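Topology and contacts: notes
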Amino acid sequence: MAYIPVKRPKFSILDRIYVVELVRGLGITLKHLVLSLLGKSRSKKDFNGAGIGACMPFPEQRWDDHLPSYYRGAPALVRGEDGRERCVSCQLCEFICPARAIRVVPGSVAPGSSCSKQEKAPAEFEIDMLRCIYCGMCQEVCPEQAIFLSQQYLITPTDRKQAVRNKEQLYRLGGIRKGLIHKWNQFK
Amino acid sequence: MENLLKWCTDVLSNPTWFYLLTTIAKLVVVFAVILAFVVLSVWIERRVAGWIQDRPGPNRAGLPLFLLQRFGSKEEQPLKNLLRFLGCPPDGVIARLCRWLRFDREIPTFGLVQPCLDGGKLFLKQEITPSYVRKFYFILAPMLVLGPPLVSAAVIPFASWVQTPFGEINMCIANLNIGPLWIFAVSGLSVYGLTLAGWSSNSKYPFLGGLRATAQLISYEVAMGLSVIPLLMVFGTLNLQEIVHSQAESGWTLLPLWGQGLSLQRWLLCIPMFISFIMFATCIFAEANRTPFDMAECETDLVGGYHTEYSSMKFASFFMGEYAAMVIGSALVVTLFLGGWSIGFGADAALASCSEWLAVACQFVTFLIKLLAFIFFFVWVRWTLPRFRWDQVMKLCWLVFVELAVLNIVLTAVIIYFIH
């Protein structure tokens, strides 16, 4: 191990008496106090803040418009532009899920649907939101780009059953994703 | 009725009964005020901490109005109906102000009941006494922390005195001639609480916390005692009531703007007084175990310090003891340096010549306002300064404060002796 001496700054006598710095520090905190009481805190707009301080008073103001685009909320299933279920129930997400929140029951593709090329579709797809840790591994592993982390962050089930989301709910949350995956395109 | 009045007069004419009754009344008032201020200072602490960190702090805990519906009221929005009843437009200034104050949703308390609710929560929490502690001392320690601050409040004057037909009432529970000494002696007892808590917990972090508390409190008591000596030299008395009275007549210690305070000597004395004020206030911070001197419960290196093993109401009494010490410390600083109950600028004498009871009431309120201001200062400093290192704390006491205090005494003596 090399011995690396840390360079300490040299303090002047004024710094070492500490009183001046103390008063300056008190001034800084007082400035913050007055500004937040006046409702003029810094970066208040970024936080969608209202009233005292920079904070967003939560149930009244929401994050909705202020979430960064990379925010990872609840996972959801998506449909393609053509309305096709993208999920082919390969169950990779089920296997990768570190919290074992996902349960997929594979089924056959409904006859007459627009995507007869693929072999399977999920008969049932459940995500237990009490187990989900929002890691995004399902999204990463999905070869079909069928599961995405949505921006939904308010998940307040009142009992355990309510916390389990079924296929229908997941598709409703995910909606339609732009961009075709041509792998299953009939005309290709 | 007349018999009753006569009986009351008889009882009050007896000096012993008069003394007893007035003392009990004063006790009740002071005790209630201190406990209320403990709660209030917790609230101030959390609100001011919030504001300093650009947060609102605890601002909810109002009584939600949907409770009305739950109890059977048919009205959906009482505020809307009330505004209509009063004839205010629904988008007017008053309506908007009411909505800003959240009147439409709840009866607001601005978070004031939050400390009370926290107290209630602590009452209901599970009480855990680990099996390896020394039970007797483990239970004794919180009492020893909470008790001394409440006892030492006895000598702090909260108003001047009143002449009644039955005798004089001094608005100070115990008008002792050794006021500050009494406070130092009694608040020094609280170190036993911390030490016993640390030792009886029988685990290493509380033990280290208790050791630190012992060393710190004993050291800073020395510096604190030395730092008020210049003040006592100026006033020539140890009676707190007399000290405040002379401040009311001839200018506060730090603000000699009237009476004899306009002399050259008093202005020069401001220098040692100010040094003494800074030292004394710092020592009070250390005595009350507040940041930047909260070495005894330094979370970063001692988990929770001396109260790591405590839970529920025993922990709460440590908490309350700390805040009570803070309130009493502020009261002492206000009394010694900022004029105590005196309103200043000769207003005390003028009010007293008008009506003594009015004067006492005004002085009481003045004292409480000054106390609140100093508590705010306490909190402000806490959320500004980082915690000192342990060796810095001890060095500050033994290598700086003690020497400075002795020099300050000499300086005061020189000024008093040579300049008139």
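Residues numbered from 1 in each chain as written. Chains lettered and ligands numbered in written order. Predicted model: local features only at pLDDT ≥ 70, side-chain atom pairs only at ≥ 80, totals over all residues.

Here we look at the overall build of chain A
- For chain A, the helix and strand inventory stands at six helices and five strands.
- Its helices and strands in sequence order give chain A the pattern α-α-β-α-β-β-α-β-α-β-α, from N to C terminus.
- Relative to the 2.2 N^0.38 estimate, which gives 16 Å for 188 residues, the radius of gyration of chain A is 26 Å and therefore markedly larger than a compact globule would have.
- Considered along the principal axes of its C-alpha atoms, chain A spans approximately 85 × 55 × 35 Å.
- In chain A, buried positions account for 21% of the 188 residues.
- Residue pairs in contact within chain A that sit at least 24 positions apart in sequence constitute 64% of those at least 6 positions apart. (Helix = DSSP H or I, 4+ residues; strand = E, 2+ residues; numbered from the N terminus. Rg over C-alpha atoms; globule rule 2.2 N^0.38 Å. Buried ≥ 20, exposed ≤ 12 C-beta atoms within 10 Å, placed from the backbone. Contact = placed C-beta atoms within 7 Å.)

As for the nonpolar core
- Ala223(B), Phe280(B), Ala324(B), Val327(B) and Val333(B) are the most contacted members of the largest nonpolar core, which totals 93 residues.
- A total of 15 residues in this core trace back to one element, the largest contributor, which is helix H13 (residues 312–337) of chain B.
- Leave out the neighbours within four places in its chain, and Ala324(B) touches Ile34(B), Val38(B), Leu146(B), Pro149(B) and Leu150(B).
- Core analysis: the next-biggest nonpolar cluster, separate from the first, contains 20 residues, Val88(A), Phe125(A), Cys132(A) and Cys142(A) among them. (Core = buried A, V, L, I, M, F, W, Y, C linked by C-beta atoms within 7 Å.)

Section: the domain arrangement of chain A
- In terms of domains, chain A is made up of domain 1 (14–57) and domain 2 (75–174).
- Inter-centroid distance (C-alpha atoms) of domain 1 of chain A to domain 2 of chain A is 46 Å. (Domains from an automatic or database assignment.)

Let's talk about the sheet that holds strand S3 (residues 120–128) of chain A
All names here are of chain A.
- With antiparallel pairing, three strands are arranged side by side in an open sheet as S2-S3-S5. With partners counted over all chains shown, the strands left at the sheet margins are strand S2 (102–108) and strand S5 (164–165), one partner each.
- Pairing analysis gives seven bridges linking S2 to S3, with the strands arranged antiparallel. Bridging from a neighbouring strand, Arg-103 pairs with Glu-126 of S3.
- With respect to the sheet, helix H6 (residues 167–174) is in contact with S3 and S5, its orientation differing from that of S3 by roughly 85 degrees. (Pairing = 2+ DSSP bridges. Axes fitted to C-alpha atoms, helices over the stretch in contact; angles between N-to-C directions.)

Looking at the interface of chain B and chain A
- Residue-level contacts link eleven residues of chain B with 14 residues of chain A.
- It is helix H2 (residues 15–52) of chain B that provides the largest number of residues to the side of chain B that touches chain A, a total of four residues.
- When grouped by side-chain class, the residues that make up the side of chain B that touches chain A number seven nonpolar, two polar and two charged. (Nonpolar A, V, L, I, M, F, W, Y, C, P; charged D, E, K, R; others polar.)

A word on the domain arrangement of chain B
- Domain annotation for chain B reports domain 1 (15–61 + 120–419) and domain 2 (68–107).
- Domain 1 of chain B and domain 2 of chain B are separated by 44 Å when their C-alpha centres are compared.

So, the pairing of strand S3 (residues 161–164) of chain B
All names here are of chain B.
- Pairing of S3 with strand S4 (residues 167–170), which is carried by four bridges, proceeds in the antiparallel orientation. Pairing of Thr-164 across the sheet is with Gly-167, part of S4.
- Between S3 and S4, which pair antiparallel in sequence order, lie two residues.

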